[in-house]
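Report on the structure
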Amino acid sequence: MKERIAILGGVRTPIGKAGGVLSDLTAVELGTHVVKETLARTAIKKSDVDELIMGNVAQPVEAANVSRVIALRAGLDDHLPAFTVQRNCASGMQAITSAAERILAGGATICIAGGVEAMSQIPLLYNEDMTAFFYQLSNKRLSSWQRLNVLMKFRPRYLKPTIGVVKGLTDPVCGLNMGQTAEVLAREFKISRSEQDHFALASHRKAIAAERAGHFATEIHPIFTKDKQNTLIKKDEGPRSNQSLTSLAALKPYFDRRTGTVTVGNACSINDGAAAVVLMREKEAKRRKLPCLGYLTAYSYAALPAHRMGLGPIYATHRLLKETKLLLKNFDLIEINEAFAAQVLANIKAFTSKKFSETYLNTSKALGSIDESKLNVSGGAIALGHPVGMSGTRLVIHILNELQRRKKRRGLATLCVGGGQGAALYLESS
Amino acid sequence: MKRSSTPNTTTSSRMKQQPSSTPSRSKNLSKGRKINKTINETIGDFKIEYNPTTNIGALTLDLKNSKVNILTSKVLYQLDQHLKKLATLPIKILLIKSAKPKSFIAGADINEIKQILKSPTHTKIIAQGQNIIDNIAHFKAPTVAVIDGHALGGGLELALACTYRIVSSESYTKLALPEVTLGILPGFGGTQRLPALIGLNAALKMILKGTAVNGSKAYRLGLADKVIPSAYISFELPKFIDQVNRNPHSLRKDRSRRLRRHFPWIVALATKLALKPILRFTRKQLLKSIGPHYPAPNKVLKIISQTYPAVTTEKIKHGLALERIGFLELLKTASTSHLLALFHHSTMLKNKAIVKAAPLNQKSSTSHLKRTLKKSHFPIEQSLVIGGGTMGAGIAWLMSHHNLPVRIKEVSWEAASSGYQKLLAIHNQRERKVGQPQQVTTAELSRTSFTTSWTPVHNETLVIEAVPENLELKKNILKTLERYCSQDTIIATNTSSLSIDQLARSLKHSERFLAIHFFNPVHRMKLVELAPGPKTDPELFATVGRFLKKQNRIVIPVKACPGFLVNRILFAYLNEAMKILEETKDIETIDASLKDFGMPMGPFRLIDQIGLDVCAHVAQCLSKAYRHLPNPLKAYKKLNQRNWLGQKAGTGFYAYASGQPMGVNPELYHELYGESALMKRTFTSEKIIERLIMAMAHESLIALELGIVQTPWELDLALLYGTGFPAFRGGILRYIDTLTPAKAFKKFERLKDFYGDHFTPPAILKDTVSRNQLFYND
């Protein structure tokens, strides 16, 4: 990148579990909440904002181009253009990098970018049989007799809904569910069930510790639920203080019932949440004398076969390191999104493996080992949750806050993307 | 049907009479008439158009030097002349339009109405007007009123006299007969033609309450024959005219009246049976809702009951005569002239520029106008409300309701939660009571955000501080706030009882500081008092005033003094009430007397509603400044100690069950007066009223004398909107005028002898008496 992009503000909602505290809130409401707040915190005039870009995976039917709806609801200027980006799990990062591109290309001075996901609101759908049945029935050329004939064809199994979330989490190319791709990696890298459960437990412990220490307080902006009580939600719903190895071990494998190792306990959950930041050139922020959270220095995306999508981080990081000529050890903090414990562990192993580098990355050296004290210091998606469109933005906000708190400089935020991609962002603290 | 056929017959007969210049062409005459020329001219306030090929005529009203069309007698006279002229032409259809944007005719001229009584021939004047409107009804061709904007009062009555009404569906189009709210009645046939057109029930709603209807409602009621978007009028109008020409019965209005046409006896019987019960019920409802002091609605009911349904010409004629008499009778009543004056003054207030008054202790008149800020332009793009209590939530509602993003700063998330609940309660109430759609609630709530931490405030923000009334707290808040604002961010405080000077001193840059005093509940009370601090920039002050006016507030600029204008006067009145209570120990008589006087509720019900804790606080602040007034602080304290805080606590002066007063709090007198609770005295109602109202009047006069408020009418309007002072009395200063200042002076002297020095006649009254003047010179 020619120039660093300053990241300002940075807020997120608490993360709610699917069907949990935030399940009544739509993607628009969650997004409005964070966009308003990040703008208020940075004290930028709404008329100075040039574009709003939000990442969103399961785009709500009632709000096509959810970004624009959020812009209007949040009281931004009527003349503010807005668009929505979708790079699956990396949507929240894509929004930030798209904004950076718009800014560097001279198309915008100040952008708000973020991610939003209301997975509780993803609808159940009629299955194919039922849809076909409806089509036949609505044919206007049918006689009454023919119509009766169609009606007779109805079977109760038609009523079984297609669950939108499940559909969305299944890769249409390789046919594997995301959990099944994690199983593939677990086998490839020989990762045991207990290794995964230990990793999951650590995620919960770190998240609870960070929450108790108040490390999330700067980034979370509390939100009111929409039910009758209008309860104030201040913290993430996911982390369990009483999580233990025994309770994790008691869970049955979810994706491969007989021989699998991936359970709902060592995988991320299905969640609701939103996050947003303000972006502008470093110079612009200095000119306005605005306090920055940090900078986006470089980023890269990479792709790989869909059934091994969990290895996205190493592919993307490899590219990023090549471009920036940095080494893995130069980073002070690393966030690898915890889609599955098996997937993060596979990445850790791959990073140190010379063989992996030779086979897949076309280099002779291993990328370097990951110091676990630098990795996911406040837990990750296994404990906190993974609202797919939002996680990318959350990682950026969190790593920058954490760098600032520890007075460290370089951060790497990376995640795997369903469909076989990886994203890696090089962030610097101010 | 009859009417639409008349023009054909008249035109043909006219043609026969007219000697045609070229007999050979006489065959073509029925098709294209060349005898009459095209007319397209502007005479006076009207544009007259006539097309001899289509035989369509149009009168377009465009009142000179005015934003809206008003039916002055001059306009009516011109209208009549043009009608007579057009009647000589073979006209087939006449359109009546307005050239003003978003306005058809805004009604009769209020100033002219006020002058009518002064003319010796007043009955004739009204009759003339009625005749002209009636001439439209009897015009030889069908008439069509094209209404794209306000059609109010006389304007709607004119449209009612037309055969058809086309109404635009835009939201600015409003049809109403608001005369009753001004104490008069629709005098141009409105009481006759409206009920005949849309039925008794709907018509009573419109006439008695002055309710406005929009285009689509008008169409549903049968008041309009067609409703179309404003932009389509130009090409939908010819189609409509065509329809009228070819088959007037295909129009909806006529179709819906099939019953009336074919079985008139059924309609007549039903009317006969239902009329009396409906009227009786309405009369009862009226008494309940507005009390006995407003004669206009009853007069309307009486007239309608005598002529309904006014379908025949004779009946309408009779009805018009009744209207005339009723109108003049009403005009002679004091209540009507007061209501008209209040209306006049509230329009004046809307147009009056907001001017910052000089601070109380500053004598020179020029120094305060010096500009102190470099900025001369203060755009307001968003607002920050500090404190999410009852007032804070109300103010936040107001801002978000008027499209402004608003942020509420609270000390803790618990407090923010309760602020959010209050905001939701306001929306809830509005959804139930004024039919606010859910969508609006969502939109307004999404414009609102909460925070517990201080964040930098950008320049285009209006900051309103609404934390609890505590001087030290407010000072601290202002001090902290200033660190996050640039030096010309507008900072306002919502208070009236604390000293603005002291608050201003806690700021480094107090040129941008002023007080905006909202009244509780903000979503129902439109009044706002605006007071400058010692250094407030005049342009900034005016900007805030204009801003609040845009938010549909009634803005009264005042000089800062403890209690400002309304609370200062209100508490003089409430304190006196407490003193009378001490003497009589009889709450019911006091409250009942004041209710008879016309106040919406008695003083003790009012205190209960405000809350005794709030009253105690304000009374304490004011008692320091106004030592001459009776001081009821001890009594308030006793009640507060028992936690009798008024309606919200369930007990106050009255005991409440589910929000309704269930008689006087049984332990009250004993708690307040101990042993002496049994020593009661009886005052007559008149005595109580005199003493309380004169206490109010006294403080009002002092406020006027000190220049707290700029004009007497602003004071009266403030009391009307702030305390519910009865509108039919026209205000407290109007009350003194009605009494005559001389008599008021004597009253004060007598009261002073009886009850103490706080009734000493104010100097301004003495002055007025000696100069033989009144406070109002209209």
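None of these values were measured; they are calculated from a predicted model. (Residues numbered from 1 in each chain as written. Chains lettered and ligands numbered in written order. Predicted model: local features only at pLDDT ≥ 70, side-chain atom pairs only at ≥ 80, totals over all residues.)

Details of the sheet that holds strand S16 (residues 513-518) of chain B
By way of backbone hydrogen bonds, the strands of a sheet pair with one another, either parallel or antiparallel. Residue and element names in this part refer to chain B. The strand order S13-S12-S11-S14-S15-S16-S17-S18 describes an open sheet built from 8 strands, whose pairing is mixed. Two strands in the sheet have a free side with no partner beyond their single neighbour: strand S13 (448-451) and strand S18 (554-557). Neighbour-to-neighbour, the strand axes of the sheet open up by a mean angle of 25°, direction not taken into account. Note: strand S14 (residues 461-465) against strand S15 (residues 490-493), 4 bridges, orientation parallel. Residue Val 463 lies in a different strand from S15, and its bridge partner there is Ile 491. (Pairing = 2+ DSSP bridges. Helix = DSSP H or I, 4+ residues; strand = E, 2+ residues; numbered from the N terminus. Axes fitted to C-alpha atoms, helices over the stretch in contact; angles between N-to-C directions.)

So, the sheet that holds strand S7 (residues 150-152) of chain B
The parallel open sheet is built from 3 strands, whose spatial order is S5-S7-S9 (chain B). Looking at which strands have only one partner, the edges of the open sheet turn out to be strand S5 (103-105) and strand S9 (175-176) of chain B.

Section: the environment of Glu 37 of chain A
Turning to its location among the elements, Glu 37 of chain A is positioned in helix H1 (residues 27-42). Expressed as a C-alpha distance, the spacing of Glu 37 of chain A and Val 277 of chain A, which sit 240 residues apart in the sequence, is 9.6 Å. Discounting chain neighbours no more than four positions away, the residues touching Glu 37 of chain A are Val 11 and His 221 of chain A together with Ser 449 of chain B. (Contact = placed C-beta atoms within 7 Å.)

Quick word on the domain arrangement of chain B
All names here are of chain B. Split into domains, chain B comes out as domain 1 (2-331), domain 2 (378-557) and domain 3 (566-770). In this structure, domain 2 and domain 3 have C-alpha centres spaced 29 Å apart. Listed by partner, the interface residues are 11 residues for domain 2 and 13 residues for domain 3. Within the residue set of the side of domain 2 that touches domain 3, elements represented by two or more residues are strand S17 (527-532) and S18. By residue number, the principal contributor to the side of domain 2 that touches domain 3 is S18, which donates 3 residues. In terms of residue class, the side of domain 2 that touches domain 3 is built from 6 nonpolar, 2 polar and 3 charged. (Domains from an automatic or database assignment. Nonpolar A, V, L, I, M, F, W, Y, C, P; charged D, E, K, R; others polar.)

Let's talk about the pairing of S14 of chain B
Residue and element names in this part refer to chain B. Counted residue by residue, S14 has 5 buried out of 5 residues, so it is predominantly covered. The alternating pattern of S14 places Thr 461, Val 463 and Glu 465 on one face and Leu 462 and Ile 464 on the opposite face, and all of these are buried. Of the strand pairs in this sheet, strand S11 (residues 382-386) and S14 are connected by 5 bridges, and their pairing is parallel. Bridge pairing in S14 links Ile 386 to Glu 465. Between the parallel pair S14 and S15, the chain is carried across by helix H19 (residues 471-484), and the sense of this crossover is right-handed. (Buried ≥ 20, exposed ≤ 12 C-beta atoms within 10 Å, placed from the backbone. Right-handed = clockwise from strand over helix to strand, strands pointing away.)

Quick look at unusual backbone geometry
Most peptide bonds are trans, and most residues other than glycine sit at a negative phi. Residues and elements named next belong to chain B. Residue Pro 521 is bonded to the preceding Asn 520 through a cis peptide linkage, with omega at -5°. Following the sequence through the fold, Pro 521 ends up in the loop between S16 and S17. The phi dihedral of Thr 740 falls on the positive side, at around 75°, and the residue is not glycine. With respect to the secondary-structure elements, Thr 740 resides in the loop between helix H30 (732-739) and helix H31 (741-755). Taking the number of C-beta atoms within 10 Å as the measure of exposure, Thr 740 has 12 and is therefore exposed. Positive phi outside glycine occurs at Asn 772, with the angle close to 60°. Tracing the sequence through the fold places Asn 772 in the segment after helix H32 (763-770).

A word on the packing of helix H22 (residues 566-584) of chain B against helix H23 (residues 587-597) of chain B
All names here are of chain B. With their axes 9 Å apart at the nearest point, H22 and H23 run at an angle of 140° to one another. Considering their axes alone, H22 and H23 lie oblique with respect to each other. For the pair formed by H22 and H23, the contact residues are Ala 577, Ile 580, Leu 581 and Thr 584 on the first element and Ile 587, Thr 589 and Ile 590 on the second. Tallied by class, residues from the contact of H22 with H23 come to 5 nonpolar, 2 polar and no charged. (Parallel < 35°, antiparallel > 145°, perpendicular 65-115°, else oblique.)

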